[in-house]
Each structure stands twice: as structure tokens, then as C-alpha cells.
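Observations on the model geometry
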Amino acid sequence: AFDFYPEVGLTRAELLDKLSANMSEKRFQHVQNVAQAALRLAERWDYPDLRKAELAGLLHDYAKEETDDTFIHLIQKYQLDPDLLNWNNNVWHGLVGIYKIQEDLGLTDSEILRAIEIHTVGSADMTLLDKILYVADYVEAGRTFEGVEAARLLAYEQDLNAAVAYETVHTVAFLTSKHVRIYPQTILTYNAYVDQLK
Ligand code: GDP
Ligand code: FE
Ligand code: FE
Ligand code: FE
């Protein structure tokens, strides 16, 4: 772990204090687990900036516990796609959450912001850091769902693109089983990556 994150001008201790004040104990543990997973994936798949991978993990769910009102105001304030108003916290905390992170923490690093923006829904065109965060969120040490071991094998050993595909296939299947709407960008991610799964 790193001692200082210049992208937010905070020491690790200062950043952890801020995060723990902003989220439940359970989510605080989750974001630390995701940071650790992201660091490990960055080492495995040769992402050069380990500190940025770790920081993306620590910050990715920063806005998850904000109220619906906060997100609705941010969508209006930044004139984001009005269709976002038809969705909910699951979709907002990444796509809209990056505006809260910029406001509260002054983060301007566009690679980290982009990875956080799409960490829930993915994208048809993901950078290495995007894939690392998307997958780290899914395979972090605290996850226990059926299939997590197969996801970890792909993620940490075999093939990061296949891990993106595995996660997306399983998320889409989960959402259809729950009879909830799927955000169109999730489907685009599915179509772009599904062939990576052999
Ligand atoms: P978390 O923030 O660590 O819990 O994980 P994510 O940000 O990856 O996902 C948050 C929630 O959004 C999960 O319950 C996912 O199943 C759900 N989710 C992911 N993609 C979609 C989507 O396209 N549509 C909807 N409605 N929910 C989604
Ligand atoms: Fe999330
Ligand atoms: Fe995820
Ligand atoms: Fe998360």
C-alpha cells in the first residue's frame, strides 16, 4: 500500500479517515479489499501505475451511500444525460458519483475518474485500468457468491478479458433473474466481451 496519494493530496491515513466517515463499516472494508485486489491485478497484468490502481479501488464506491436527491441534483447541475433520472443508485453511484468525488476530493485524474465512472456497467471500450477496477470489485477477498473462484482464476491467473466477460455474463444473468431493467451500456459491455469467454 502507498503512504501518500498526490491525486487527492492526502496521506493514506487521511484518506482512510475520510472514507470511513463517509460509509458503513462493511463498505469501508469492501473498498479496502477492492484496492488490494486492484493492486494485485495491476501487478499481474502490467498496469504501470500501481498507486492509481489502488486509489481507484479505495474511491470507487465513495458515492454509494449518497441520497437519491443528491444524485438527482448532480444530474441536473452537470447537465448529464436526462435518461439517468430513470435509473437508481446502482447505476448512479459510478456514472454520477464521479462528480461527487470531484467536488469533495478535488480528484482530476481522468483515467481514475473514467474507471470509477464505469465500474458498475463497464464499457465496450475499456482501458486496462477500467478492466482492473471492474474485475477487482467482483473478485475482492470478501466476495462469496457462487462462481467467485472461477472468476478469481480468470482474473488473477488466466485472462483479464475473459474475467470481464465472465463478470458481465453473470451480472446480466443475475439481473434478468431478478426481473430488473438492465442499463444499455451493460448490454454493450456484454456484446463487446462475451466472445472472450471460451
Ligand atoms: P458494489 O457497488 O460493490 O455493490 O458493486 P457494483 O457497483 O458493481 O454494482 C452495484 C449493483 O448494481 C449490483 O447489485 C449490480 O448487480 C447492479 N447492477 C449492475 N449492472 C446493472 C445494470 O445494468 N442495471 C441495474 N439495474 N443494476 C445493475
Ligand atoms: Fe459500486
Ligand atoms: Fe462491479
Ligand atoms: Fe464496489
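So, a few notes on the structure that sits alongside this text. Bear in mind the structure is a predicted one, so any value in this text is a computation, not a measurement.

Thresholds, definitions, all that
- Residues numbered from 1 in each chain as written.
- Chains lettered and ligands numbered in written order.
- Predicted model: local features only at pLDDT ≥ 70, side-chain atom pairs only at ≥ 80, totals over all residues.
- Heavy atoms only, no water.
- Helix = DSSP H or I, 4+ residues; strand = E, 2+ residues; numbered from the N terminus.
- Rg over C-alpha atoms; globule rule 2.2 N^0.38 Å.
- Buried < 20%, exposed > 50% of the residue type's maximum accessible area, 1.4 Å probe, protein only.
- Areas by Shrake-Rupley, 256 points an atom, 1.4 Å probe, with all protein chains shown as cover.
- Lys, Arg positive; Asp, Glu negative; His and termini not counted.
- Charge placed at Lys NZ, Arg CZ, Asp CG, Glu CD.
- Phe/Tyr/Trp six-rings, centres within 6.5 Å; stacked < 30°, edge-to-face > 60°.
- Lys NZ or Arg CZ within 6 Å of the ring centre and 35° of its normal.
- Donors = N, O, S within 2.8 Å, 3.2 Å for Na, K, Ca; no water.
- Near = heavy atom within 4 Å.
- Polar contact = N/O pair within 3.5 Å; in protein donor to acceptor, adjacent residues only side chain to side chain.
- Contact = heavy atoms within 4.5 Å.
- Axes fitted to C-alpha atoms, helices over the stretch in contact; angles between N-to-C directions.
- Parallel < 35°, antiparallel > 145°, perpendicular 65-115°, else oblique.

Next up on the list: the overall build of the chain. Along the chain, the regular secondary structure elements total 11 helices and 2 strands. Listed by position from the N terminus, the elements making up the chain come as β-β-α-α-α-α-α-α-α-α-α-α-α. For the chain, whose C-alpha radius of gyration is 16 Å, the value lies close to the compact-globule estimate of 16 Å for 198 residues. In the chain, which comprises 198 residues, the proportion classed as buried is 49%. Entry remark: accessible area of the chain is about 9,600 Å², with carbon and sulfur atoms responsible for 49%. Separation between the mean location of the 18 positive side-chain charges and that of the 31 negative ones in the chain comes to 3 Å.

A complete count under the given rule lists 4 aromatic pairs for this structure. On the basis of an interplanar angle of 85° and a centroid distance of 4.9 Å, the ring pair of W87 and Y183 is categorised as edge-to-face. Here the residue W87 occupies a position in the loop between helix 4 (68-77) and helix 5 (89-95), and Y183 occupies one in the loop between helix 10 (160-177) and helix 11 (184-193), the gap between them amounting to 96 residues. A residue is classified by how much of its surface remains accessible, and W87, at 14% relative accessible area, is buried. One Lys or Arg, R44, reaches over the ring of W45 and ends 3.9 Å from the middle of that ring. Positioned above the aromatic ring of W87, the side-chain terminus of R181 is 4.7 Å from the ring centre.

Here the focus is the coordination of the iron ion (ligand 4). Perfect tetrahedral coordination of a metal by four donors corresponds to 109.5 degrees between them, and perfect octahedral coordination by six donors corresponds to 90 or 180 degrees. Distances from the iron ion (ligand 4) to its protein donors, H30 (NE2), H60 (NE2), D61 (OD) and D137 (OD), fall within 2.2 to 2.3 Å. Every donor residue of the iron ion (ligand 4) comes from the same chain, spaced as H-x29-H-D-x75-D. Between the iron ion (ligand 4) and the iron ion (ligand 2), both coordinated by D61, there is a metal-metal distance of 3.5 Å. Of this pair, H30 sits in helix 2 (residues 25-44) while D137 sits in helix 8 (residues 128-139), and the two are 107 residues apart along the sequence.

A word on the site of ligand 1. With respect to spatial proximity, 16 residues lie near ligand 1, and among them K64, T120, R181, Y183 and T186 are the closest. Between R181 and ligand 1, the recorded distance is 2.9 Å, taken from a backbone N or O atom to a nitrogen atom. Between ligand 1 and T186 there is a distance of 2.7 Å, counted from an oxygen atom to a side-chain nitrogen or oxygen. The fraction of the free accessible surface of ligand 1 (580 Å²) that becomes covered by protein chains is 83%. Elements with a contribution of two residues or more to the shell around ligand 1: helix 5 and helix 10.

Below, the discussion takes up the environment of E146. Within the secondary structure layout, E146 lies in the loop between helix 8 and helix 9 (148-158). Assessed through its relative accessible area of 78%, E146 is described here as exposed. In this structure, the C-alpha to C-alpha distance between E146 and L80, residues 66 residues apart in sequence, is 36 Å.

Mapped onto the fold, V164 is located in helix 10. For the pair V164 and T127, spaced 37 residues apart in the sequence, the C-alpha separation amounts to 12 Å. With near-sequence residues (within four places) excluded, V164 lies in contact with M126, K131, Y134, V135 and Y193.

Structurally, the position occupied by R152 is in helix 9. Among the polar contacts made by the side chain of R152, one reaches the main-chain carbonyl oxygen of V139 at a distance of 2.9 Å.

At a minimum axis distance of 11 Å, the contact between helix 1 (residues 12-22) and helix 3 (residues 50-59) shows a crossing angle of 20°. In terms of their interaxial angle, helix 1 and helix 3 are classed as roughly parallel. Side by side, helix 1 and helix 3 meet where R12, L15, L16 and L19 of the first sit next to E54, L55, L58 and L59 of the second.

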